[in-house]
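# A closer look at the structure
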There are 2 protein chains.
Amino acid sequence: MKTVVQKFGGSSVADYECMNRVLEQVSQRLREGYKVVAVLSAMSGETDRLLSLARSFSDSPDPAETDVLLATGEQTSVALFTMMLLDQGIKARSLLGFQIPVHTDRSYGRARILDIDDENLRSQLEDNDVLVVAGFQGCDFQQSLTTLGRGGSDTSAVALAAALDASFCEISTDVDGIYTTDPGICSQARKLQRITYDEMLEMASMGAKVLQIRSVEFAKKYGVTLHVRSTFSDEPGTLLVQEEEAMESVMVSGIAYDKDQARITLGGVYDEPGIAARVFEPLASSGIVVDMIVQNPSREGRTDLTFTVSRSNLDRTLELIQGLKEKIGAREVLHDPGVAKISVIGVGMRSHSGVAAIAFKALQAEGINILIISTSEIKISCLVEGKYAELAVRVLHEAFGLDQTQTEPVRDT
Amino acid sequence: MKTVVQKFGGSSVADYECMNRVLEQVSQRLREGYKVVAVLSAMSGETDRLLSLARSFSDSPDPAETDVLLATGEQTSVALFTMMLLDQGIKARSLLGFQIPVHTDRSYGRARILDIDDENLRSQLEDNDVLVVAGFQGCDFQQSLTTLGRGGSDTSAVALAAALDASFCEISTDVDGIYTTDPGICSQARKLQRITYDEMLEMASMGAKVLQIRSVEFAKKYGVTLHVRSTFSDEPGTLLVQEEEAMESVMVSGIAYDKDQARITLGGVYDEPGIAARVFEPLASSGIVVDMIVQNPSREGRTDLTFTVSRSNLDRTLELIQGLKEKIGAREVLHDPGVAKISVIGVGMRSHSGVAAIAFKALQAEGINILIISTSEIKISCLVEGKYAELAVRVLHEAFGLDQTQTEPVRDT
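Rules of the game
Residues numbered from 1 in each chain as written. Chains lettered and ligands numbered in written order. Predicted model: local features only at pLDDT ≥ 70, side-chain atom pairs only at ≥ 80, totals over all residues. Helix = DSSP H or I, 4+ residues; strand = E, 2+ residues; numbered from the N terminus. Buried ≥ 20, exposed ≤ 12 C-beta atoms within 10 Å, placed from the backbone. Contact = placed C-beta atoms within 7 Å. Pairing = 2+ DSSP bridges. Axes fitted to C-alpha atoms, helices over the stretch in contact; angles between N-to-C directions. Least-squares fit on C-alpha atoms with pLDDT ≥ 70 in both. Parallel < 35°, antiparallel > 145°, perpendicular 65-115°, else oblique. Left-handed = near helix turned anticlockwise from the far one by under 90°. Nonpolar A, V, L, I, M, F, W, Y, C, P; charged D, E, K, R; others polar. Expected span 1.5 Å × (residues − 1). Arc of directions from axis to C-beta. pLDDT = per-residue confidence, 0-100.

Looking only at helices and strands, chain A has 11 helices and 18 strands in total. Each of the three principal axes of chain A carries a C-alpha extent, and together these read 80 × 55 × 35 Å. A buried classification covers 49% of the 413 residues belonging to chain A. Taking as baseline every contact in chain A between residues at least 6 positions apart, the subset at least 24 positions apart corresponds to 76%.

Set out below in structure tokens:
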């Protein structure tokens, strides 16, 4: 039984016309001889409508009951789409999270999938040509409904593909693939034919909103071939693959950026063992994620500690730091709410040296000062003043020749 | 554990303000020491909205998928109401049909309850003070969602009350009880303090829309004391009880009417054994319910056969009769689309003679001609010309002194 999982996001199922397009894409795979598991999100805007409905009934809606409410969004879209399939004489049925079941933990609103009953799915696939699955939702082992958090339908789709050992998993969305960078700020941005899971993870964590990060981790873990494409076009999109499947090890695959960064500098703190822990532990226990950190060389037993947090956490961070000031001996607390992190991403960095040098030189040539640098095996991130964000992206995009990489035919998935 | 089931219809949960009123009614029962099972309908208008949504996606929406869609209505209201309870510090959770589970047959859109897991309910009631149950919905034994048909939440509530052996079941709705007749056409109509299940069944089948008929059958079968009252008032409503619990055997409890009747007369059909079957079997197999039937004495081997069907079935009935005309020897087929059935209902008829005589005399005094009469143990129905419907109701209401019955304090339920 050849099976493909096709996921359609909210904008793909927004109304009857959109769903007709989805119907066409599903039918195409049926004609190719696949059985199809179609994973649907709520119709676009529906989840926000439900959240605002909840807030009009409660100042702080209970998370468990919020999930009961949110689950109606996908329930609505799968019922409607299945009706359309049945009208076409296609053997189909809808499946809600609890009916599969997709078992999750009890973290309402951001539950993690623990287990999927693939036997039930397989038996349902024997009887039907299309299973229309409500994405984003599951249930715990007591049958309480749960949801997987924003973008959770991506993870539903990948998890189902893994459970069914599907040929591949198509994520149909309102963009037509993964780009070398945001086309909105760099007109030279080019659609990638392939990207590795690791690169995508770096891109996603940098704010590329195309895929939920967890779905990529899942795909990597279970080796699910992901195809990100547009619902509204027959053009091939971008394939997410294992590193060994990437055609050639291009040095750099893309430039990501994150403008939602704030920088904090603690001036003249005691330079003694454990000082970092004393600063960062209270932040961590308040759920504040510290991203880049740099500590200057010590002078006279004192040092400067600079780090970044997301801008929405700035106020809370400053508050916490204020309480620590004396304990850590900070002479001053400086902050800058308007900084941006620009990242150069590519698995090719593992084998190519000199990537950092190219990046620094390109930025310098435009007079862009680098405030902090952090690197990983496949990423170099530079913090720059916010006003330079777009320029930095374009400069780096050009420096690594991302607009010029040759196109190659994507193999037929 | 003293338990009460409280059912709130669509107009009772229409918005935040209405739900606040529901919250007050639930809290009142909690203060009285009850655990509460609150059965909610979809917010008013929601089921119609969902049905029209389905029709905008499919010309003939699949019944199973329609139930998946409709089930979101109650899911929404129970989630929102449970949030409100939790905000008040009341221990509560929502329960959807499949979570209890309420097992039904597979008759989508009009499923019948087969089984309720009361053990799970009882254990949930140990942990919570209020269970907020989605009415109208259940699931079959394969966990496919089903709905119970219009008014199905009444049946959900009664079935839960029976399963839990609840002290009583309150049906809170937008009317404040059961009336001796429709106050809309008879200003003398009076709210009944008590009515027996059988009388209510006769009233309901005659178009009194207050309760789903099946819920009354269920209540009768399991001896569930039903209290029909208004969500928007603290006044006692009407108690539905076993006949032996009715205070005194009043002769007549109410006057019901049904203006949705059409009369058909087959003139001069052969008067021979099996003639009725030859007429009515084809109607039955087309799903047409024949209500009143009268056959005149035979003359020269021929007779007239008169019967009524609901007006919406008139055209189809005439069509079927046309095909039978020759076979049954009918010389003519007459029909009257504008007739009305007026019924006098009361368990007291069992012990009081002369009820029919009072009715006929009262109608005759106003010059209202009776076209057909049919009687049951606790009901006398007269078919009259449609234009006399309202007058006949008022005349009979007065003839049986229904405006004058003494009020007696309803026992505190």
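Back to the write-up after that little detour.
This part is about helix α7 (residues 213-222) of chain A. Every buried residue of α7(A) is accounted for by A:R214, A:S215, A:V216, A:F218, A:A219 and A:K220. Taken from the residues just after α7(A), A:G223 is the one with a positive phi, measuring 65°.

This brings us to the sheet that holds strand β14 (residues 293-295) of chain B. Residue and element names in this part refer to chain B. Strand order in this open sheet of six strands is β14-β15-β13-β16-β18-β17, and the pairing throughout is antiparallel. Unpaired on one side and paired on the other, β14 and β17 (372-376) mark the two borders of the sheet. On average, adjacent strands in this sheet sit at an angle of 25° to one another, irrespective of strand direction. Looking at chain direction, β14 and strand β15 (residues 302-310) are connected through three bridges and run antiparallel.

Glancing now at the sheet that holds strand β17 (residues 372-376) of chain A. Residue and element names in this part refer to chain A. What the six strands build is an open sheet, ordered β14-β15-β13-β16-β18-β17; its pairing is antiparallel. Edge strands, defined here as strands with exactly one partner in the open sheet, are β14 (293-295) and β17. Within this sheet the neighbouring strands show an average axis-to-axis angle of 25°, counted without direction. Packed onto the sheet, helix α9 (residues 314-328) meets β13 (254-270), β15 (302-310) and β16 (332-345) and runs at close to 25° relative to β13.

Right, let's talk about the interface of chain A and chain B for a bit. The interface is formed by 24 residues belonging to chain A together with 24 residues belonging to chain B. Counting residues per element, the ones that place at least two in the side of chain A that touches chain B are α2 (46-57) and α3 (63-87) of chain A. For the side of chain A that touches chain B, the leading source of residues is α3(A), giving 13 residues.

The second copy of the chain is related to the first by a rotation about an axis and a shift along the axis. The transformation that overlays chain A on chain B combines an axial shift of 0.1 Å with a rotation of 179°, and the residual RMSD is 0.2 Å. The two molecules are tied by a two-fold rotation axis, judged by turn and shift. Of every C-alpha in chain A, the one belonging to A:T72 sits nearest the axis of rotation, 2.8 Å from it. Interface overlap between copies: 100% of the residues of chain A at the interface are likewise at the interface in chain B, consistent with a symmetric, same-surface contact.

This part is about the pairing of strand β18 (residues 379-385) of chain B. Residues and elements named next belong to chain B. For β18, the tally of buried residues reaches six of seven residues, placing the bulk of the element in the interior. By the bridge criterion, seven bridges tie strand β16 (residues 332-345) to β18 in an arrangement that is antiparallel. Paired with K341 across the strands is L383, a residue of β18. Where β17 meets β18, five bridges bridge the pair, whose relative direction is antiparallel.

Moving on, we come to unusual backbone geometry. Here the residue pair A:I100 and A:P101 is connected by a cis peptide bond, since its omega of -20° sits within 30 degrees of zero. For A:P101, the position within the fold is in the loop between β3 (92-95) and β4 (102-104). Backbone geometry at B:Q143 places phi at a positive 65°, although glycine is not the residue there. Secondary-structure assignment places B:Q143 in the loop between β7 (137-139) and β8 (145-147).

Once that is clear, we can look at the environment of B:T76. With respect to the helices and strands, B:T76 occurs in helix α3 (residues 63-87). For B:T76, a count of 23 C-beta atoms within 10 Å corresponds to the buried category. With 298 residues separating them in the primary sequence, B:T76 and B:S374 have C-alpha atoms 45 Å apart. In this view, B:T76 contacts A:L69, A:T72, B:A42 and B:M43; residues no more than four positions away in its chain are not counted.

Let us look at the packing of helix α1 (residues 16-31) of chain B against α3(B). Residue and element names in this part refer to chain B. Two numbers describe how α1 lies on α3: the axes approach to 11 Å, and their chain directions differ by 55°. Regarding the angle of α1 to α3, the classification is oblique. Considering only the axes of α1 and α3, their crossing is right-handed. Residues M19, V22 and L23 of α1 form the contact with α3, whose own contacting residues are L80, F81, M84 and L85. Looking at the contact of α1 with α3 residue by residue, the class counts come to seven nonpolar, no polar and no charged.

Residue and element names in this part refer to chain A. Take L192: it is sitting in the loop between β9 (168-173) and β10 (194-196). Along the sequence, L192 and G301 sit 109 residues apart, while their C-alpha atoms lie 50 Å from each other. Every residue in contact with L192, bar those within four places of it in the chain, is listed here: G177, I178, Y179, T180, T238, S253 and G254.

It is worth spelling out helix α2 (residues 46-57) of chain B at this point. Since the α-helix turns once every 3.6 residues, residues separated by three or four places project in the same direction. The terminal C-alpha atoms of α2(B), which comprises 12 residues, lie 17 Å apart, in line with the 16 Å expected from a rise of 1.5 Å per residue. What α2(B) keeps buried is the set B:T47, B:L50, B:A54 and B:F57. Buried residues in α2(B), looked at end-on, bunch into an arc of 85°, giving them a common side. Across from the buried face of α2(B), at angles greater than 90 degrees, the exposed residues are B:D48, B:R49, B:S52 and B:S56. Contacts from the buried residues of α2(B) go to α1 (16-31) and α3 of chain A together with α3 of chain B.

Position of A:G151 among the secondary structure elements: in the loop between β8 (145-147) and α5 (152-164). Along the chain, A:G151 and A:F136 lie 15 residues apart, while their C-alpha atoms are 7.3 Å from each other.

All names here are of chain B. The contact between helix α8 (residues 275-285) and helix α9 (residues 314-328) brings their axes to 10 Å, and the two run at 150°. Regarding the angle of α8 to α9, the classification is roughly antiparallel. Once α8 is placed against α9, the crossing between them reads as right-handed. Contact with α8, carried on its side by I275, R278, V279, P282 and L283, involves T317, L320, L324, K327 and I328 of α9 and no other residues of that element. Across the contact of α8 with α9, the residue classes tally to seven nonpolar, one polar and two charged.

Moving on, we come to the confidence of the model for chain A. When pLDDT is averaged along chain A, the result is 90; 95% of the residues meet or exceed 70. The ipTM value of the predicted complex is 0.82, and its pTM value is 0.83.

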